[in-house]
Amino acid sequence: MMTAFQACQRESWLSINPQLTISAAGAGICDVPSVGYDKGGFDGSAHSDRFWQDGYFLIDDLLPVESLAQLRTGIETLVVNGLPPAMIYLYDEAWQIFMRLRPLLTHFLGDRVKLLPHFWAWHVDPGQGGRGWPPHRDYQGESVIGDDMLISLSLWVPLGIASPDNGCMYVLPRSFEKCYPCPVAKPEDVVLQDVRALPARPGTVMGWRQDLYHWGGRASTFATEPRISLSLEFQNAAFDPLADRLLDLDQPPAFRERLELIVQQFAKYRHMQSMDDDTLRWANSIHAELSGWA
C-alpha cells in the first residue's frame, strides 16, 4: 500500500489507473450526457409505482456499459495494488456516472438535488468469503414525508454482474413490511419468504428510499466473478441538510477534498464493512497528512 504522502499526490493515483482522470485543481469535470438524452428525455413515471409501493426501483440498461467497464477495471486495479475499492471516488469518472443520473434524481427529489457525503464502493470477493453490508436502513430518521414527498434517496450501481452467487442486493419490500405488526428492528423479524433478491447486470441503476430495509448477500465460492459496485446518497436540498455539508452534483469536489471525504468514510462505515487495522491506520495517516497541509 502506498504511503500517506504518496496518497496525497494526484499523480500517484493517475499512474495506477492511467485510463481514468482526476481534474486538476480549479478545473471542473467535463459535462457528460444525461440518461435519456437520446430518447427525448427520461421517463421516471414508469418507475414511480413500484418505488412508492415497494420502496425501490430497478432500471435496466440506463447507463453506458463502456463507462462502467472503465470503473470496474479501475477498482480491480486498486484491489490488485492492495488499495481499498472506495479510492475509486478519487477519479472523475466515478462522479460522472451519478452526474448522468440527474433526470432520474430530479424526478424523485425535485430540482434542488444535492449529494450527501456518504458513499462507498465494493469488491465482494467470492474466494475470500466476501459479503455485502448486513441488514440495515441507510437513514434512521425521516426520509419521506407522507406518501409522495421524498427527502433522501440512495443509488446503487453494479459495475459487473450482481447475482445471488456473488452477493447481490436483497430488500424487504415496504408493501410487505407494512403488514408487519411493527417495523423490522433486526434480521430475525423478517419473514424469509418476503425477501426479494435484486440481481442486476452492468447498465442497471437501483435506488431506494433511505428507510428501506436491505442488505448485500454473501458470495458463494462457486461464483465466477466478484460483485463490484458503487453507491452514493442524495437529498432534496429544500429540506434541512441530513449531513454537516452537502455537495454539488454538477461540480464534485476537487482532488484534495475528494481524498479527505473518502478517508472519512472508513471510520463512518467501520461497523458495516470489515476492515483490517492496517487499512484504518492508513486512512488515519492520510487524514493527518492532509491536516498538515492546512
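Caption draft 1: Highlighting the overall build of the protein chain. Helix and strand counts for the protein chain stand at nine helices and eleven strands. Against the 2.2 N^0.38 benchmark of 19 Å for 294 residues, the protein chain shows a C-alpha radius of gyration of 19 Å, consistent with a compact globule. Its C-alpha atoms give the protein chain principal-axis dimensions of roughly 55 × 45 × 35 Å. Here the protein chain, with 294 residues, has 54% of them falling under the buried criterion. Across the protein chain, the fraction of contacts at a sequence separation of at least 24, relative to all contacts at a separation of at least 6, is 83%. Carbon and sulfur atoms provide 50% of the accessible area of the protein chain, an area that totals close to 13,300 Å². A gap of 2 Å separates the mean positions of the 24 positive and 36 negative side-chain charges of the protein chain.

Caption draft 2: Structural view of the sheet that holds strand β5 (residues 152-158). Taken in spatial order, the six strands line up as β1-β8-β5-β10-β2-β11 in an open sheet, and their pairing is antiparallel. Of all the strands in the sheet, just β1 (56-59) and β11 (247-248) have a single pairing partner and so form its edges. Both β1 and strand β8 (residues 205-209) contribute to a ladder of four bridges, which runs antiparallel. By the bridge assignment, Y56 is partnered in β8 with W208. This element, helix α3 (residues 45-54), spans β1, β5 and β8 of the sheet and lies at about 145° to β1.

Caption draft 3: Here's a closer look at helix α5 (residues 92-99). Judged by how many residues are buried, α5 sits mostly within the fold: eight of eight residues are covered. Taken as a whole, α5 has its buried residues at D92, E93, A94, W95, Q96, I97, F98 and M99. Residues of α5 that are buried make contact with α4 (65-80), α6 (102-109), β2 (113-124), β5, β10 (227-236) and α8 (255-268).

Caption draft 4: Region of interest: the sheet that holds strand β9 (residues 214-216). What the three strands build is an open sheet, ordered β7-β6-β9; its pairing is antiparallel. Because the sheet does not close on itself, it has two edges, and the strands there are β7 (196-198) and β9. In this sheet, neighbouring strand axes are inclined to one another by 25° on average, regardless of whether the strands run parallel or antiparallel. Across three bridges, the pairing between strand β6 (residues 169-171) and β7 is antiparallel. The residue of β7 that forms the bridge with M169 is L198.

Caption draft 5: Structural view of the side chain of S12. Structurally, the position occupied by S12 is in helix α2 (residues 10-16). Of the residues examined, S12 reaches a relative accessible area of 17% and is grouped as buried. Separated by 2.7 Å, the side chain of S12 and the backbone oxygen of Q6 make a polar contact. Dropping the residues within four chain positions of it, S12 is found in contact with M2 and Q6.

Caption draft 6: View of the environment of T224. Along the polypeptide, T224 turns up in the loop between β9 and β10. Overall, the relative accessible area of 78% leaves T224 in the exposed class. Taking the C-alpha atoms as reference, T224 lies 29 Å from R137; in sequence the two are 87 residues apart.

Caption draft 7: Representation of empty space enclosed by the protein. What the rule picks out here adds up to one cavity of 30 Å³ or more. If you go around the largest cavity, you meet 19 residues; those closest to its centre are W122, W133, H136, D138 and S231. Contributions of two or more residues to the lining of the largest cavity are made by β2, β9 and β10. Class assignment for the residues of the lining of the largest cavity results in ten nonpolar, six polar and three charged.

Caption draft 8: Here's a closer look at the packing of α4 against α5. Close contact between α4 and α5 brings their axes to 10 Å; oriented N to C, the two are set at 145°. The two elements α4 and α5 meet at a crossing, and its hand is left-handed. Only E93, A94 and I97 of α5 make contact with α4, whose side of the interface consists of S67, L68, Q70 and L71. Taken together, the residues of the contact of α4 with α5 sort by class into four nonpolar, two polar and one charged.

Caption draft 9: The arrangement of the packing of aromatic side chains in detail. For the coordinates displayed, the defined rule picks out 15 aromatic pairs. When the ring of F51 is compared with that of W52, the centres are 5.1 Å apart and the planes differ by 90°; the resulting orientation is edge-to-face. Considering the side-chain rings of W120 and Y269, the 5.7 Å spacing of their centres and the 75° angle between planes classify their relative orientation as edge-to-face. Highlighted residues: W120 in strand β2 and Y269 in the loop between α8 and α9 (277-292), separated in sequence by 149 residues. The exposure class of W120 is buried, given its relative accessible area of 5%.

About the thresholds
- Residues numbered from 1 in each chain as written.
- Predicted model: local features only at pLDDT ≥ 70, side-chain atom pairs only at ≥ 80, totals over all residues.
- Heavy atoms only, no water.
- Helix = DSSP H or I, 4+ residues; strand = E, 2+ residues; numbered from the N terminus.
- Rg over C-alpha atoms; globule rule 2.2 N^0.38 Å.
- Buried < 20%, exposed > 50% of the residue type's maximum accessible area, 1.4 Å probe, protein only.
- Contact = heavy atoms within 4.5 Å.
- Areas by Shrake-Rupley, 256 points an atom, 1.4 Å probe, with all protein chains shown as cover.
- Lys, Arg positive; Asp, Glu negative; His and termini not counted.
- Charge placed at Lys NZ, Arg CZ, Asp CG, Glu CD.
- Pairing = 2+ DSSP bridges.
- Axes fitted to C-alpha atoms, helices over the stretch in contact; angles between N-to-C directions.
- Polar contact = N/O pair within 3.5 Å; in protein donor to acceptor, adjacent residues only side chain to side chain.
- 1 Å grid on protein atoms, 1.4 Å probe; cavity = no way out; pocket = protein on both sides within 12 Å on 5 of 7 lines; lining within 4 Å.
- Points joined across faces, edges and corners; volume = space filled by probe spheres on them.
- Nonpolar A, V, L, I, M, F, W, Y, C, P; charged D, E, K, R; others polar.
- Left-handed = near helix turned anticlockwise from the far one by under 90°.
- Phe/Tyr/Trp six-rings, centres within 6.5 Å; stacked < 30°, edge-to-face > 60°.

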